[in-house]
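# Results of the structural survey
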Amino acid sequence: MSALSAEHATIPVMGRLAPHTGRTELLAHIAEAARQIRIQDLKLVHYAGAGHIGGDMSAIDILATLYGAVLNVGPDNVEDPERDRFILSKGHVAGALYTTLAAFGFIPVEQLATFLKPLSALNGHPNRRKVPGIEANTGPLGHGLPIAVGHALSAKLDVSPRRTYVLVGDGELQEGSNWEAMMAASQYQLDRLTVVVDRNRLQQGATTKETNDLDPLQDKAAAFGFAVVEVNGHDHGELLDVLSSVPFRPGKPTFVIAHTHKGHPISYMSNNVAWHHKVPSTAEFELALEELEAAAHPRFAKEL
Ligand SMILES: Cc1ncc(C[n+]2csc(CCOP(=O)(O)OP(=O)(O)O)c2C)c(N)n1
Ligand SMILES: [Mg+2]
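The following refers to the structure shown. Please read these numbers as outputs of a predicted model, since none were measured by experiment. The residue count restarts for each chain, going from 1 along the sequence in the order it is written. Whichever chain is written first becomes A and whichever ligand is written first becomes 1, with later ones labelled in order. At least 70 in pLDDT is required for a residue's local features to be given in this predicted model, at least 80 for side-chain atom pairs to be given and counted, and no such filter applies to totals for whole chains, interfaces and linings, which use all residues.

## Some points on the overall build of the chain
- Helix and strand labels come from DSSP, where a helix needs a run of H or I of at least four residues and a strand needs a run of E of at least two; each type is numbered from the N terminus. Scanning the chain from N- to C-terminus turns up 9 helices and 5 strands.
- Its helices and strands taken in sequence order, the chain reads α-α-β-α-α-β-α-β-α-α-β-α-β-α from the N to the C terminus.
- With respect to the three principal axes, the spread of C-alpha positions in the chain is 55 × 45 × 40 Å.
- Here the C-beta atoms are placed from the backbone, and a residue counts as buried if at least 20 other C-beta atoms lie within 10 Å of its own, exposed if 12 or fewer do, and partly exposed otherwise. Classification of the 304 residues of the chain by burial places 50% in the buried group.
- Placing a C-beta atom from the backbone of each residue, one calls two residues in contact when those atoms lie within 7 Å. Across the chain, the fraction of contacts at a sequence separation of at least 24, relative to all contacts at a separation of at least 6, is 78%.

## Digging into the sheet that holds strand β3 (residues 193-199)
- Judged by pairing direction, the sheet is parallel, and its 5 strands sit side by side in the order β1-β2-β3-β5-β4 without closing on themselves. The open sheet is flanked by β1 (85-88) and β4 (227-232), the only strands paired with a single partner. This sheet shows a mean twist of 20° between the axes of neighbouring strands, independent of strand direction.
- With 6 bridges connecting them, β4 and strand β5 (residues 254-259) associate as parallel partners. The residue bridging asparagine 232 from the neighbouring strand is histidine 259, located in β5.
- Packed on one face of the sheet, helix α8 (residues 236-244) meets β3, β4 and β5 and runs near 160° to β4. In short, DSSP must find at least two bridges between two strands for them to pair. To define axes, lines are fitted to C-alpha atoms, for helices over the stretch in contact only, and angles between the resulting N-to-C directions are given on a 0 to 180 degree scale.

## Section: helix α3 (residues 94-103)
- The buried fraction of α3 is high, at 10 of 10 residues.
- For α3, the full list of buried residues reads Ala94, Gly95, Ala96, Leu97, Tyr98, Thr99, Thr100, Leu101, Ala102 and Ala103.
- Where the residues of α3 are buried, they touch α1 (23-48), α2 (53-70) and β1.
- Glycine 105 lies just past α3 and shows a positive phi near 85°.

## Observations regarding the environment of asparagine 178
- When you line up the elements, asparagine 178 lands in helix α5 (residues 176-187).
- Considered as a pair, asparagine 178 and valine 168 are 10 residues apart in the sequence and their alpha carbons are 9.4 Å apart.
- Setting aside anything within four residues of it in sequence, one finds asparagine 178 in contact with Gly142, Leu145, Val168 and Leu173.

## Things to note about helix α4 (residues 144-157)
- Multiplying 1.5 Å by the residue count of a helix minus one yields the expected span of that helix. With 14 residues, α4 should reach 20 Å at 1.5 Å per residue; the first-to-last C-alpha distance of 20 Å fits that figure.
- Every buried residue of α4 is listed here: Gly144, Leu145, Pro146, Ala148, Val149, His151, Ala152 and Ala155.

## Here's the deal with the nonpolar core
- By convention the nonpolar core is taken to be a set of buried residues drawn from Ala, Val, Leu, Ile, Met, Phe, Trp, Tyr and Cys and joined through C-beta atoms within 7 Å. Of all hydrophobic cores here, the largest spans 83 residues; its most connected members are Leu63, Tyr98, Val195 and Val256.
- Aside from chain neighbours lying at most four places away, what touches valine 195 is Leu145, Val166, Val168, Pro253, Thr254, Phe255 and Val256.

## Thoughts on the pairing of β1
- Taking every second residue as pointing to the same face, both faces of β1 are buried, with Arg85 and Ile87 on one and Phe86 and Leu88 on the other.
- Where β1 and strand β2 (residues 164-169) come together, 4 bridges link them in parallel fashion. The partner of leucine 88 across the bridge, within β2, is leucine 167.

## Notes on unusual backbone geometry
- Between aspartate 215 and proline 216 the backbone carries a cis peptide bond, its omega angle lying at 0°.
- By secondary structure assignment, the location of proline 216 is in the loop between α6 (208-212) and α7 (217-223).
- With an omega of 0°, the peptide bond running from histidine 264 to proline 265 counts as cis.
- Inspection of the secondary structure assignment puts proline 265 in the loop between β5 and α9 (282-294).
- A positive phi angle, close to 50°, is found at valine 159, a residue other than glycine.

Read these as layout, nothing more, since geometry by itself doesn't imply function.
What follows is the structure, given as structure tokens:
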């Protein structure tokens, strides 16, 4: 296997479609972005020989929808105080975030070839001081949601319409800090805060159920004062609808349970706990690439 190099950083820059683009065209654009992000992310993990590919694949449809059609942030306004904020709390899927940022023009595509190399800005966990578009340093689980609550409270105090989104892992929700932050979000009626849970039901090495069960998650989040909504986390249309509806319920923060599969949609990887941070062999890489390259857009939706 050759080491990660410039020839492996090939994702096309997708960019954003014009405002008022029709829904069908927009969803096709997001689906193609997600497919390209998966192909590039697979190459990063395979050639770098490290990464968290299962959780990357689980989250990519959510990332592509947010950056492709929801967040009012792009390469030209990453410093604008009124930009929307997105925080990747499950920071171990940094590779998926870097690839998404490259797909939407925040960082040069060639920079992806530095992933995990000594002195690279593209570390195993995201660093806001090194990479444009990253809002928080994450990796130690349980901190992104509290940071997001701070951002949302700050926006409210500014009487600003800017929105805050945070993506958490479901295993990550076992950290108590999340629930303290959720109490505060509800207390301050932060209805421009959206928490998205990547509900793949797996964590590192086991299911969430056998580790520290979260269910009934919707009832718990509702009891903490959130408006709760469940979506297929691989369906861009469902994601787009809910993520664009802010506030979802006036006066309440939103808790989106996005049902996903770790490793989706790669046949041998999907919903397989072994793929938390395993690296595909050459044969596994080739099979995954073939599947992703052959995949038509609809294959990514309505599969759960
Ligand atoms: C505080 C903390 N404990 C342990 C880890 C090591 N760790 C990295 S990812 C992970 C599993 C996370 O599972 P989940 O939140 O469900 O993420 P996903 O399934 O989306 O990969 C663990 C335990 C960590 N990063 N931070
Ligand atoms: Mg999980």
